[in-house]
Amino acid sequence: MAMDLEVNEVAICSAGGVGAIVAAMDKYPGNVRLQHKACAALRNLGSSGGDDRESSKSAVSSAGGTLALVHAMRRHSEVAAVQEQALRALRNLAKDSSANKVAIAKAGGIERLMAALSTHAGHAGVVEAACMACLLFTSDAADDTPCVDLGGRRMIKKKRGGG
């Protein structure tokens with residue numbers, strides 16, 4: 001619902017919905033279905049193209065969403081659906097946000113991205129989501145941000161066997 005309607009996204013964020021999602025992820029870490037749906041919800045909340053994009057991304061980050069996504073990826077590393085949604089959420093949070101790129105890298109997001117790419121190399125959705133996220137950490141635009149110092153390029157180059 002929030003994916004297409006920024007009005008709903010703002011309402012969800014304003015009502016504390018992001019905090020409730022993150023709290024549910026923390027309370028029920030072993031519930032794969034909940035983790036999958038929560039990652040998808042955070043993906044939608046971080047994807048707005050409207051004027052409220054930064055406030056939505058900020059709400060997700062402030063509520064601990066970045067860390068919750070990385071934890072879900074770590075706990076459910078063998079579940080492609082969780083990996084795909086979490087990667088898409090991290091990509092949306094990182095897009096146009098140097099602060100979020102750094103937060104994702106510091107939380108272990110780059111390592112989880114590479115682990116997902118390796119573990120689910122045969123799953124097109126995970127591979128696509130991982131590659132799209134990699135672009136944000138390895139593009140020329142990323143050179144102006146501290147995320148390069150946190151190992152984005154080095155890890156991808158190492159994974160390819162070039163370093």
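For the structure itself, look to the data block above.
The shown structure was predicted, so the numbers you read here are calculated from the model rather than taken from an experiment.

Engineer: Looking at this structure, how should I read the overall build of the chain?
Structural biologist: The number of helices and strands found in the chain is 10 helices and zero strands. The order of helices and strands in the chain, counted from the N terminus, is α-α-α-α-α-α-α-α-α-α. Across the 163 residues that make up the chain, the buried fraction comes to 46%. Summarising the internal contacts of the chain: among those between residues at least 6 apart in sequence, 67% fall at separations of at least 24. Summed over all atoms, the accessible surface of the chain reaches about 7800 Å², with 55% contributed by carbon and sulfur.

Engineer: Could you clarify how one ought to interpret the environment of S58 in this entry?
Structural biologist: Among the structural elements, S58 can be located in helix α4 (residues 53-62). Between the alpha carbons of S58 and L93 there is a distance of 8.7 Å; along the sequence they are 35 residues apart.

Engineer: Which parts of the structure should I look at to understand the packing of helix α3 (residues 32-45) against helix α5 (residues 65-75)?
Structural biologist: Packed helices, taken two at a time, are described by their axes: the angle between them and the distance between them. Two numbers describe how α3 lies on α5: the axes approach to 11 Å, and their chain directions differ by 145°. α3 and α5 meet at a crossing whose hand is left-handed. Residues Q35, C39 and L42 of α3 lie in contact with α5, whose contacting residues are G65, L69, A72 and R75. Per-class residue counts for the contact of α3 with α5 are four nonpolar, two polar and one charged.

Engineer: What exactly am I supposed to notice about the nonpolar core here?
Structural biologist: In a soluble, globular protein the nonpolar side chains are often hidden away together inside. Of all hydrophobic cores here, the largest spans 38 residues; its most connected members are M25, L42, L69 and L87. Those elements giving two or more residues to this core turn out to be α2 (17-27), α3, α5, α6 (80-94), α7 (98-106), α8 (109-119) and α9 (124-138). If one sorts the elements of this core by residue count, α6 sits on top with eight residues. Apart from residues no more than four positions distant in its own chain, L87 is found in contact with M73, L113, A116, V126, A129, A130 and A133.

Engineer: Please clarify how the pattern of salt bridges should be interpreted in this entry.
Structural biologist: A side chain of one charge can pair with a side chain of the opposite charge when the charged atoms of the two come close. With the rule as written, the count across this model stands at three salt bridges. Linking E84 and R88 is a salt bridge whose minimum nitrogen-to-oxygen distance equals 3.1 Å. Residue E84 and its partner R88 are both found in helix α6; the two are separated by four residues, about one turn of the helix. Take E84: its relative accessible area is 16%, and that puts it in the buried class.

What counts, and where the lines are drawn
Residues numbered from 1 in each chain as written. Predicted model: local features only at pLDDT ≥ 70, side-chain atom pairs only at ≥ 80, totals over all residues. Heavy atoms only, no water. Helix = DSSP H or I, 4+ residues; strand = E, 2+ residues; numbered from the N terminus. Buried < 20%, exposed > 50% of the residue type's maximum accessible area, 1.4 Å probe, protein only. Contact = heavy atoms within 4.5 Å. Areas by Shrake-Rupley, 256 points an atom, 1.4 Å probe, with all protein chains shown as cover. Axes fitted to C-alpha atoms, helices over the stretch in contact; angles between N-to-C directions. Left-handed = near helix turned anticlockwise from the far one by under 90°. Nonpolar A, V, L, I, M, F, W, Y, C, P; charged D, E, K, R; others polar. Core = buried A, V, L, I, M, F, W, Y, C linked by side-chain atoms within 4.5 Å. Salt bridge = Lys/Arg side-chain N within 4 Å of Asp/Glu carboxyl O.

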